[in-house]
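Here is what each chain is made of, one letter per residue.
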Amino acid sequence: MFQKDVPIVENVESKPHNFLMTFQDAEIAAKCRVGQFLQFKAGGLENMLRIPISIARVTGDRVSILYHVVGSGTDVMSKLRVGESINVLGPLGNGFPQDIPADKEILFVAGGIGFGPFPYAMDHFSNWKLFYGVRNEAQLLLQDEIAALEKAGKAFVATDDGSYGTQGFVTDLLDAYLAKDSSNKVIFCCGPNPMMKRVCEVAAKHGVESHISMEDYMGCGIGICVGCVRKIRDASKPDGWEHKKVCKDGPVFKGEDILWN
Ligand SMILES: Cc1cc2nc3c(=O)[nH]c(=O)nc-3n(C[C@H](O)[C@H](O)[C@H](O)COP(=O)(O)OP(=O)(O)OC[C@H]3O[C@@H](n4cnc5c(N)ncnc54)[C@H](O)[C@@H]3O)c2cc1C
Ligand code: FES
């Protein structure tokens, strides 16, 4: 894990309020794994907490992130220019499993800005399909790349308002796909909680293993503050579950182990 100032080489608004930032750092790039995240320091005392963002892509010594401007920290990040630097802590967290057999098809299921970790996953693995749900076309990230993947039969997009792809929930697309053939599949998912909960239900219905990346509120991001705990099933514990830290034990957990209430 590193903590350092890194030079920004790209910070563009690719869709309204959605930015693609790339920084250059060979040491961090060499340590990243699919599904891990970085903690960014943006601004001064007004933004005490670092901002956790998934690693979206690693290309040589360059690391990219996709982020949605929702508050003061991401707003500060969006105003940084090429040539300026940003303080980064990471890579952090466990990431998605790396040891998926090549004959197993990985179904990436992304909701909204939960698409963040998947470009890296798409580069890393070869046998996969992408199921990507957004509210509307304006929220669809890397649209040209996604359109090419759709043409190649690798990606399926759902929008709430039907402005792009199929109108409806991405979980319905997943359900229909698995209804045709659920053998030799595994699901990697990241998105809003209701969507991820539904993905777990669909996965259980079809008997498919799922790995869910949680994007909970975080404090320290390194396992100290206990500000990010989730109830995770553990048969060896008296209650059958224990509190696990999303930042350190996660952010990726097995879908069947997550207690959603
Ligand atoms: C492991 C992990 C990976 C993440 N990856 C990405 C990513 O790739 N791209 C991305 O855009 N965002 C990602 N997030 C969410 C991102 O960290 C928050 O949106 C960000 O911290 C908001 O900071 P802010 O200072 O701009 O907003 P704040 O001022 O802190 O909050 C603004 C608004 O956003 C809400 N909010 C803040 N944090 C979260 C959160 N974690 N979940 C839901 N709502 C939140 C607040 O309730 C408030 O309404 C990730 C979070 C985690 C934990
Ligand atoms: S954010 Fe502090 S322990 Fe997880």
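Residues numbered from 1 in each chain as written. Chains lettered and ligands numbered in written order. Predicted model: local features only at pLDDT ≥ 70, side-chain atom pairs only at ≥ 80, totals over all residues.

**Q** Residue-level account of the packing of helix α5 (residues 170-180) against helix α6 (residues 193-206), with values.
**A** Where α5 contacts α6, the two axes come as close as 10 Å, and the packing angle between them is 10 degrees. Classed by the angle they form, the pair α5 and α6 counts as roughly parallel. Contacts from T171, L174, D175 and L178 of α5 reach α6 at M195, R198, V199, V202 and H206. (Axes fitted to C-alpha atoms, helices over the stretch in contact; angles between N-to-C directions. Helix = DSSP H or I, 4+ residues; strand = E, 2+ residues; numbered from the N terminus. Parallel < 35°, antiparallel > 145°, perpendicular 65-115°, else oblique. Contact = placed C-beta atoms within 7 Å.)

**Q** Describe the nonpolar core, listing the residues and the values that go with them.
**A** Among the nonpolar cores identified, the biggest contains 72 residues, and L38, F108, V109, L130, F131, Y132 and V199 are the most heavily contacted of them. Of the residues forming this core, the biggest block, six residues, is contributed by α6. Once residues lying within four places of it in the same chain are set aside, the contact partners of L38 are I53, I55, I65, V88, L89, G90, P91 and L92. (Core = buried A, V, L, I, M, F, W, Y, C linked by C-beta atoms within 7 Å. Buried ≥ 20, exposed ≤ 12 C-beta atoms within 10 Å, placed from the backbone.)

**Q** Please give an account of the sheet that holds strand β10 (residues 155-159) that cites residues and values.
**A** Taken together, seven strands build an open sheet; the order of strands is β11-β10-β9-β8-β12-β13-β16 and the sheet is mixed. The outermost strands of the open sheet, each flanked by one partner alone, are β11 (166-167) and β16 (252-254). As defined by bridge partners, strand β8 (residues 105-111) adjoins strand β12 (residues 185-190) across six bridges and the pair is classed as parallel. Counted as the bridge partner of I106 is V186 from β12. Packed onto the sheet, helix α4 (residues 143-151) meets β9 (128-134) and β10 and runs at close to 120 degrees relative to β10. Running over the sheet, α5 touches β8, β9, β10, β11 and β12 and is turned about 150 degrees from β9. (Pairing = 2+ DSSP bridges.)

**Q** Just give me the short version of the sheet that holds strand β6 (residues 62-68), but keep the residues and values in it.
**A** The sheet built from seven strands is open, its strands ordered β4-β3-β7-β1-β2-β6-β5 with antiparallel pairing. Looking at the sheet topology across the chains shown, the edges are occupied by β4 (51-54) and β5 (57-59). On average, adjacent strands in this sheet sit at an angle of 35 degrees to one another, irrespective of strand direction. When strand β3 (residues 37-41) meets strand β7 (residues 85-92), the two strands line up antiparallel, connected through four bridges.

**Q** How would you sum up the environment of G165? Please name residues and give values.
**A** Residue position: G165 is located in the loop between β10 and β11. If near-sequence neighbours (up to four positions away) are discounted, G165 is found in contact with V157, A158 and T159.

**Q** Describe in detail the site of ligand 1, supporting the description with residues and values.
**A** Near ligand 1 there are 22 residues, and of these S54, G71, G73, T74 and G116 occur at the shortest range. Put simply, the parts of the chain that give the shell around ligand 1 at least two residues each are β4, β6 and α2 (72-78). Looking at the shell around ligand 1, its residues break down into 12 nonpolar, eight polar and two charged. For the shell around ligand 1, the domains that each give at least three residues are domain 1 (2-92) and domain 2 (105-215). (Near = placed C-beta within 6 Å. Nonpolar A, V, L, I, M, F, W, Y, C, P; charged D, E, K, R; others polar. Domains from an automatic or database assignment.)

**Q** Talk me through the domain arrangement of the protein chain; I want residue IDs and the actual numbers.
**A** Domains assigned within the protein chain are domain 1 (2-92) and domain 2 (105-215). Here domain 1 and domain 2 have C-alpha centroids that lie 24 Å from each other. Contacts between the two partners involve 14 residues from domain 1 and, on the opposite side, 13 residues from domain 2. Mapped onto the side of domain 1 that touches domain 2, the elements with two or more residues apiece are β1 (2-15), β4, β5 and β6. Class assignment for the residues of the side of domain 1 that touches domain 2 results in seven nonpolar, five polar and two charged.

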